[in-house]
Amino acid sequence: MFDPKELPVEMVQILDENGNGDEAKIAAFSDEWLLDAYRAMRRARVVDERLLRMQRQGRIGTYAPFSGQEAAQIGSVLALQKDDWIFPSYREVAVCLTHGMPLEQFFHYVRGRLSGKRMPEELNIFPTQIIIAAQTLHAVGCAWATKLKGESHVSVAYFGDGATSEGDFHEAMNFAAVYNVPVIFFCQNNQYAISVPYAKQTASRTIAQKALAYGMKGVLVDGNDVLAVYETMKQAVEAARRGEGPMLIEALTYRLGPHTTADDPTKYRHPEEVETWRRKDPLHRLRVLLERRGLWTDAKEEEFVAKVNEEVTAAYEAAVASESGSIADVFDYVYSEAPKLLAEQKEEVIRRKQAKEVK
Amino acid sequence: MAVIYEFKLPDIGEGLHEAEIIRWLVREGDVVNADQPIAEIQTDKAMVEMTTPVAGKVMSLAGPEGATVNVGEPLIVLDTEAAGEPRGNQSEQSTGLKETSATVQADRGTRPARKRVIAAPSVRKRAREMGVPIEEVEGTGEGGRVTLADLERYVREREAAVTVAETVQSGIGKVEEASFARSSHAVSDRISKALFAPPSTGPSPLTEEEERIPLRGLRKKIAEKMVKSVYTAPHVTGMDEIDVTKLVEIRKSLAAQLAEERIKLTYLPFVIKAVTRALKQYPMFNATLDEETNEIVLKKRYHIGIATATKAGLLVPVIRDADQKSIRELAIEIAELSEKAHRQALRLEELQGSTFTITSTGAGGGWFATPVINYPEVAIFGAHAIKRRPVVIDDEIVIRDIMGMSLTFDHRVIDGEPAGRFMRTVAHYLENPELLLLDVR
């Protein structure tokens, strides 16, 4: 008989919350790599905070903040090659930005423009998925195509703990393992499915162990340790590229803010719990390491943050300036040739809009 | 030249209609930087910190703290040309590792605490209409939620303390005038007209409709005793029903007998007999707690206090050695004491020395109650109305005479389990009053 209680699941960690840890492994990371990772994380944090404020100012629509999850997002994406495919949910802003998505593009998305979902051609990023766990299936399909075509890309499905309660996730996992396709299931376990805590979502001790039932490898990693996330992801991606099949990675992390700008986390989380995780801030431990190596100072940080703020302002202004199109455009993107009914609806929309303008 | 920017309240939460201003973080005349926090607002969904999209000088605010702003209406009006030296800048807000907070919730923790009021928008609206500062109202709903009933209670209590009420009311008016009457801009005028209409409760005409009765004499004594009891002894009340069908018959028959001797026989003598029997079985109930020595003092005599309603107020004359007295003797003594109580003719010794008290609220007093212990005793028994009720006996519904009883006990001395046994013992005697014959001497 199997007893899940006897299953040993250890969490991979290189850098602990105080910036200490496995010195030999830490030493393997170059100054340059650490600085790149830190800058990407700090940039993401500043962008996230700005976006939250801009939502409160009515400049963008509903927004799902990711602060606290920078190491999981950026550590994983840094282990990818440029042409690897990303299948993001709505919280993967740091993943997409680091993989090359222009910030201006994201502003189009959060301002409700159709162009916001049309990624630039050269970027292997699927449109943001709102349906929970649906992108896991898309990732598997893409990986299968890659395999059939004999290409070497790896596909990565990004999702949260809540997605593991969905049927799509289980179907995707099963299919991926059966067809041995190069896909990584990267789960950021931020411990809440909106307001539902982990313990009420699943009786599994870990999400990583769910891999076993599908016949694939699973691993639990400290999602607030960018070094551990990178190392783990790198191994998974390389294995997938070698044809060794899919892997499930659970990055244990915590969302410091609300689920989206439309909820109040104080209603379902204890302030002490948030405080506990604030002490495990992924940026803090990396900055401690950088300072120990003499790579970063307050002055550098100030200068960098100011630069990012300028970047955000410029991207926002550029996005607003380049907005185009009208409500009638929504009829253009499902069929190459609009069926009769859709064509009629589109005409009606245009007619009404004109009538309004005449008034 | 002034360039006016109206920051209109956006729909920040998917389908919101309005928000309440909880706290302003800027004042009129302040110069603010873009992205600087300006206010905390409470929507139907969450408490949210608002930041200004542009820099400028604050021309006007949408209203006082506690006011409601509709989505699409100006929250703050800025003169963007007057943006001077900013107080703090963007990088400060997002640089330091010490302040890694991404969200409003996080920021809030570092600010001086302000009581967060939980209340439905309709209740908040009503509070504003009533001129009630909602943060002062104690919420009794789920999780401290303020309800309409709480508002009404607050107003009643405020009216009861007239001097306090007057201060509060005039205070509200003055603060609003001082802070906001300065708004001169056209937009803010429009807002302020809507918002700063004088509170509906002005200098109160209520004061003339009230009568003030000095708390003195017996009333004052009762007040002091009740406060002493309730704030000293942790009160717990148990309640149950007693089937007194047999007792009703017996009393009826005996009362007819005693009527010839002009003695009025109520249920109280039977209750006293039953209670003294129970007290003998459970000595902890005939006791006091000596707080000086931390000792429970068990009383070996049974002096029963009888709570008696008089015009002047509640009196508790004492029947000494009640356990030694017959039903007839008790009936006579109760009648005497009651008569004296109504004439205010009780001597001091007739009001002192009880070891346990019974309150018999009678037919008009409801079926149950939560009596207050006659401190320093440790329990009080309530005998309440008798009603003809359908009850189940041997799986059949029959009509029986049912009396409500309550027992309040001092939880420092007595636990719930013995209290339950005590009540069942009293009930046993009252349900089977013939048992009282067994000990008749």
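Predicted model, so just to flag it, every value in this text is computed and none were measured. (Residues numbered from 1 in each chain as written. Chains lettered and ligands numbered in written order. Predicted model: local features only at pLDDT ≥ 70, side-chain atom pairs only at ≥ 80, totals over all residues.)

Draft legend 1. Inspection of the overall build of chain B at higher detail. Within chain B one finds eleven helices and 17 strands. Contacts in chain B between residues at least 24 apart in sequence constitute 64% of all its contacts with a sequence separation of at least 6. (Helix = DSSP H or I, 4+ residues; strand = E, 2+ residues; numbered from the N terminus. Contact = placed C-beta atoms within 7 Å.)

Draft legend 2. Inspection of the overall build of chain A at higher detail. Scanning chain A from N- to C-terminus turns up 13 helices and eight strands. Sequence separation of at least 24 residues holds for 76% of the intrachain contacts in chain A that already meet a minimum separation of 6.

Draft legend 3. Molecular detail of the nonpolar core. Ranked by size, the top nonpolar core spans 94 residues in total, and within it Met41(A), Val156(A), Ala157(A), Val183(A), Ile184(A) and Ile249(A) carry the most contacts. Looking at this core, the element that brings in the most residues is helix 2 (residues 31-56) of chain A, giving eleven residues. Grouped together as the second largest cluster of nonpolar side chains are 53 residues, Tyr302(B), Val318(B), Ala419(B) and Tyr429(B) included. (Core = buried A, V, L, I, M, F, W, Y, C linked by C-beta atoms within 7 Å. Buried ≥ 20, exposed ≤ 12 C-beta atoms within 10 Å, placed from the backbone.)

Draft legend 4. Highlighting the sheet that holds strand 7 (residues 68-70) of chain B. Residue and element names in this part refer to chain B. One open sheet accounts for four strands, arranged 5-4-2-7; its pairing is antiparallel. Each edge of the open sheet carries a strand with a single partner, namely strand 5 (47-51) and strand 7. Along the sheet, successive strands turn relative to each other by an average axial angle of 40°, direction set aside. Inspection of the sheet shows strand 2 (residues 18-24) paired to strand 7 by three bridges, in the antiparallel sense. The residue bridging alanine 19 from the neighbouring strand is valine 69, located in strand 7. (Pairing = 2+ DSSP bridges. Axes fitted to C-alpha atoms, helices over the stretch in contact; angles between N-to-C directions.)

Draft legend 5. How the structure looks around the interface of chain B and chain A. Contacts between the two partners involve 23 residues from chain B and, on the opposite side, 34 residues from chain A. Elements supplying a minimum of two residues to the side of chain B that touches chain A: strand 5, helix 1 (90-94) and helix 2 (104-108) of chain B. At four residues, the largest contribution of residues to the side of chain B that touches chain A is made by strand 5 of chain B. Taken together, the residues of the side of chain B that touches chain A sort by class into ten nonpolar, ten polar and three charged. (Nonpolar A, V, L, I, M, F, W, Y, C, P; charged D, E, K, R; others polar.)

Draft legend 6. Here's a closer look at helix 10 (residues 327-342) of chain B. All names here are of chain B. Between its terminal C-alpha atoms helix 10 stretches 22 Å, which fits the 22 Å expected from 16 residues at 1.5 Å a residue. Buried residues of helix 10: Ile327, Leu330, Ala331, Ile334, Leu337, Ser338 and Ala341, and no others. The buried residues of helix 10 occupy an angular sector of 140° when projected down its axis, which confines them to one face. Facing away from the buried side of helix 10 by over 90 degrees, the exposed positions are Glu336 and Glu339. Its buried side turned inward, helix 10 meets helix 8 (245-259), helix 9 (268-281), strand 12 (304-309), strand 13 (314-315) and strand 14 (318-319). (Expected span 1.5 Å × (residues − 1). Arc of directions from axis to C-beta.)

Draft legend 7. Region of the structure containing the sheet that holds strand 3 (residues 155-160) of chain A. All names here are of chain A. Pairing is parallel in the open sheet, where six strands are placed in the order 1-7-8-4-3-2. Unpaired on one side and paired on the other, strand 1 (11-12) and strand 2 (85-87) mark the two borders of the sheet. Relative to strand 4 (residues 183-189), strand 3 is paired through six bridges, and the arrangement is parallel. Pairing of tyrosine 158 across the sheet is with phenylalanine 186, part of strand 4. In the packing of helix 6 (residues 134-149) onto the sheet, contacts are made with strand 2, strand 3 and strand 4, and the angle to strand 3 comes to roughly 170°.

Draft legend 8. Up close: the packing of helix 6 of chain A against helix 7 (residues 167-178) of chain A. Residue and element names in this part refer to chain A. For the pair helix 6 and helix 7, the least separation of the axes is 7 Å and the interaxial angle reads 20°. Comparing the axis directions of helix 6 and helix 7 gives the class roughly parallel. Taken as a pair, helix 6 and helix 7 cross one another with a handedness that is left-handed. When helix 6 is examined against helix 7, the residues Ala134, Thr136, Leu137, Val140 and Ala143 are found in contact with a partner set consisting of Asp168, Phe169, Glu171, Ala172, Phe175 and Ala176. Along the lines of polarity and charge, the residues of the contact of helix 6 with helix 7 split into eight nonpolar, one polar and two charged. (Parallel < 35°, antiparallel > 145°, perpendicular 65-115°, else oblique. Left-handed = near helix turned anticlockwise from the far one by under 90°.)

Draft legend 9. Representation of unusual backbone geometry in the model. At the junction of Tyr375(B) and Pro376(B), the peptide bond is cis and its omega measures out at 10° in the coordinates. Counting through the fold element by element, Pro376(B) comes out in the loop between strand 15 (356-360) and strand 16 (379-393). A positive phi angle, near 50°, is found at Asn180(A), a position not held by glycine. Within the secondary structure layout, Asn180(A) lies in the loop between helix 7 and strand 4. Phi at Asp395(B) takes a positive value of approximately 65°, unusual for a residue other than glycine. The residue Asp395(B) is located in the loop between strand 16 and strand 17 (396-410) in this model.

Draft legend 10. Quick look at the pairing of strand 8 (residues 247-252) of chain A. Residue and element names in this part refer to chain A. Across the six residues that make up strand 8, a large majority, six, are buried. Residues Met247, Ile249 and Ala251 line one face of strand 8 and the alternating positions Leu248, Glu250 and Leu252 line the opposite face, and both faces are buried. Taken together, the six bridges between strand 7 (residues 217-222) and strand 8 define a ladder with parallel strand orientation. Opposite aspartate 222, over in strand 8, you have leucine 252 as the bridge partner. For the crossover that starts at strand 7, traverses helix 9 (residues 226-241) and ends in the parallel strand 8, the hand is right-handed. (Right-handed = clockwise from strand over helix to strand, strands pointing away.)

Draft legend 11. Broad picture of helix 9 of chain B. Residue and element names in this part refer to chain B. Taking 1.5 Å per residue as the helical rise, helix 9 with its 14 residues ought to reach 20 Å, and the 20 Å between its terminal C-alpha atoms agrees with that figure. When you tally the buried positions in helix 9, you get eleven out of 14 residues, the bulk of the element. Regarding helix 9, the residues found buried are Leu268, Pro269, Phe270, Val271, Ile272, Lys273, Ala274, Val275, Thr276, Ala278 and Leu279.

Draft legend 12. Up close: the confidence of the model for chain B. Residue and element names in this part refer to chain B. Here chain B averages 81 in pLDDT, while 81% of its residues score no lower than 70. Confidence drops under pLDDT 50 across residues 86-114; counting only partners more than four residues distant or on other chains, this segment forms 51 contacts. This stretch, residues 162-205, has a pLDDT under 50; its non-local contacts, to residues over four places away or in other chains, come to 49 contacts. Here the predicted complex carries an ipTM of 0.72, next to a pTM of 0.57. (pLDDT = per-residue confidence, 0-100.)

Draft legend 13. The arrangement of the environment of Arg347(B) in detail. In this fold, Arg347(B) is placed in the loop between helix 10 and strand 15. Put simply, Arg347(B) and Pro317(B) are 30 residues apart on the chain and 9.2 Å apart in space, counted from C-alpha to C-alpha.

Draft legend 14. Examining the environment of Gly313(B) more closely. Residue and element names in this part refer to chain B. With respect to the helices, strands and loops of the structure, glycine 313 is situated in the loop between strand 12 and strand 13. Separated by 28 residues in sequence, glycine 313 and alanine 341 place their C-alpha atoms 10.0 Å apart. Leave out the neighbours within four places in its chain, and glycine 313 touches Leu218, Arg219 and Ile222.

Draft legend 15. The arrangement of the environment of Lys125(B) in detail. All names here are of chain B. With respect to the helices, strands and loops of the structure, lysine 125 is situated in helix 3 (residues 121-130). On the neighbour-count criterion, lysine 125 (14 C-beta atoms within 10 Å) is partly exposed. Counting along the chain gives 105 residues from lysine 125 to glutamate 20, while the straight-line C-alpha distance between them is 9.8 Å.

Draft legend 16. The packing of helix 2 of chain A against helix 3 (residues 70-78) of chain A, seen in detail. Residues and elements named next belong to chain A. At a minimum axis distance of 10 Å, the contact between helix 2 and helix 3 shows a crossing angle of 135°. As summarised for this structure, helix 2 and helix 3 are arranged oblique, according to the angle between their axes. Here the hand of the crossing between helix 2 and helix 3 comes out right-handed. From helix 2, Ala37, Ala40, Met41, Ala44 and Arg45 reach across to helix 3, where they touch Glu70, Ala71, Ile74 and Leu78.

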